[in-house]
Amino acid sequence: MNKNKSQNPTHRILLAIVVSIIVIWTHNISKNNAMQKKSTFPSTPTDLNPSNPSNPTNPTNPDKPKKNRGSELTALILNWKTPRTLANTLRSYQKNGLFDYMNETVIFFQELTKEQEEKAKSYHNKIRVIGEKTNVNIHWGIEYLVDNATTEYVLFLEKDWELIESPEMLAEEIDAAIEIIESGVADVVRLRSRNNPGRDFYAKETYQGKEDDVWHRQENLMCNFYHWIENFDWRFPDKAVTCWNNPLFYCVKARFCNWTNNPGVFKKSWWKKYMSQYARKTAQEMKTWGNFESELNSVVEAWNGSPWVVAMGRGLFAHHEIDG
C-alpha cells in the first residue's frame, strides 16, 4: 500500500498552517528591522523638532565653506550701574573679537548719563548706546534692545557676562547658533560656558550630586545639569537629545529648561511675536513684581507649557560680576 495516499488530510492542513505562521513571522521581523534602520532618532521626545524629527542634526559636508554669520546678528547688552563690571566685560569683547564679528553691538543703560555713553563708545566704532534716565527694569530693557536690533538674529547679554573663548571659537558657536535656529531645530540657543559658567549658578549650587530632587521641586532646571554631567543625553534620554553635531549641542524642551537672562541667541521676530507681551507688562501686572525670569517661569503658557526648544553647546561666556 502507498503510505502517501493514506496520509491523514488533517495532517496536511496542520502542516500548511504551521508554514503560513512561519512565513508571516519572518515577514514581520524583516519589517521591524527595516523600520529601525529607517529612523535612529529616539522615539521620545519626538516633538523636540516636530518639523523634522528624523534628522535633527546638521548635515556634514567637509567641502562646504564655513559661513561667517556674525554680520547677521546684533549683540544686545543690558546694563545698570556696576561700571567696573561693564568695563571688564567690554574689554573681553574687544580682546576676543565680539565687536568685530557682530553686525553691531547695542548697549542699553538704565539711568543713562553722557559719561557712560562716551566711555562705552570708546571701545569700538560698532557700538551704539541707547537708554533711559530712569530704571525701567530688566524686561523693558530687553524689549528696548530687541526693538533696536537691526538684524533678525540677536544675542542677548547682561553687563556681567565675560567672553572667555577665542575669536575662532566665538565664530564657530555663533554660526552654529544661527544655523540651529534657522533649521528649526531650536528656538533659543544658550551660550553660557558649559565648563566655566562662572559664579552665582543656582541650579549647580542646589542640585549637583542630588539631581533627582529636581523632579519634585523645579523640573525646568534639569537642562542646567549639562554643565556638570558629561553624557547629558544618556542620563536623561527621554528629555534631552543630541540635536547638532560639529559642534555638539543638546536640545531640551522648555518644560525641562527654564527661561533665563543668561547669554542666548534668538530671532527678533520670535521675540516680538511671542515674548513681547510679557516683557511689556508693568511691575504691578506681573505675578512676581518685576522679576522677568520668575514671571516667565511661573506663567505656564509663557514658557514651561510652550513648545519652545532650547539648545546648549560648549558656550562662550562666564558670569563675572566685580562691583555688583
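Going by the structure above, here's the rest.
Enumeration according to the criterion identifies two disulfides in this entry. At a sulfur-sulfur separation of 2.3 Å, the disulfide partner of Cys 223 is Cys 257. Taking the torsion about the S-S bond as the criterion, the Cys 223 to Cys 257 disulfide, at about 75°, is right-handed. Taken as a pair, Cys 223 in the loop between helix 7 (202-207) and helix 8 (232-235) and Cys 257 in the loop between strand 8 (249-253) and strand 9 (264-267) lie far apart in primary sequence, 34 residues in all. Across the pair, exposure class does not vary: Cys 223 and Cys 257 are buried alike. The disulfide partner of Cys 243 is Cys 251, and the gap between their sulfur atoms is 2.1 Å. Judged by the torsion about the S-S bond (70°), the Cys 243/Cys 251 disulfide is right-handed.

Counting 46 residues, the largest nonpolar core has Phe 232, Trp 271 and Trp 303 as the members making the most contacts within it. Within the residue set of this core, elements represented by two or more residues are strand 1 (73-80), strand 2 (104-110), helix 5 (137-148), strand 4 (153-158), strand 8, helix 9 (268-279), helix 10 (292-298) and strand 10 (309-319). Those residues within four positions of Trp 303 in sequence are excluded, and the remaining contacts are Val 188, Ala 254, Cys 257, Asn 258, Trp 259, Trp 270, Met 275, Leu 296, Asn 297, Trp 308 and Val 310. Core analysis: the second largest hydrophobic core is formed by 45 residues, Ile 174, Ala 176, Leu 191 and Ala 311 among them.

Here the focus is the pattern of salt bridges. Applying the stated criterion across every chain, the model contains 14 salt bridges. Of the charged contacts, one joins Arg 280 and Glu 143 as a salt bridge, the two residues approaching to 2.9 Å between their closest N and O atoms. Here the residue Arg 280 occupies a position in the loop between helix 9 and helix 10, and Glu 143 occupies one in helix 5, the gap between them amounting to 137 residues. Residue Arg 280 is classed as partly exposed on the basis of its relative accessible area of 40%.

Our next topic: unusual backbone geometry. The omega torsion of the bond from Asn 246 to Pro 247 falls at 5°, within 30 degrees of zero and hence cis. Tracing the backbone shows Pro 247 in the loop between strand 7 (240-244) and strand 8. Of note, the phi angle at Lys 81 is positive, near 55°, even though the residue is not glycine. Residue classification places Lys 81 among the partly exposed residues on the basis of a relative accessible area of 47%. In this structure, Thr 82 is a non-glycine residue whose phi angle is positive, near 40°. Following the sequence through the fold, Thr 82 ends up in the loop between strand 1 and helix 2 (83-95).

Calculation rules
- Residues numbered from 1 in each chain as written.
- Predicted model: local features only at pLDDT ≥ 70, side-chain atom pairs only at ≥ 80, totals over all residues.
- Heavy atoms only, no water.
- Disulfide = S-S within 2.5 Å.
- Helix = DSSP H or I, 4+ residues; strand = E, 2+ residues; numbered from the N terminus.
- Buried < 20%, exposed > 50% of the residue type's maximum accessible area, 1.4 Å probe, protein only.
- Core = buried A, V, L, I, M, F, W, Y, C linked by side-chain atoms within 4.5 Å.
- Contact = heavy atoms within 4.5 Å.
- Salt bridge = Lys/Arg side-chain N within 4 Å of Asp/Glu carboxyl O.

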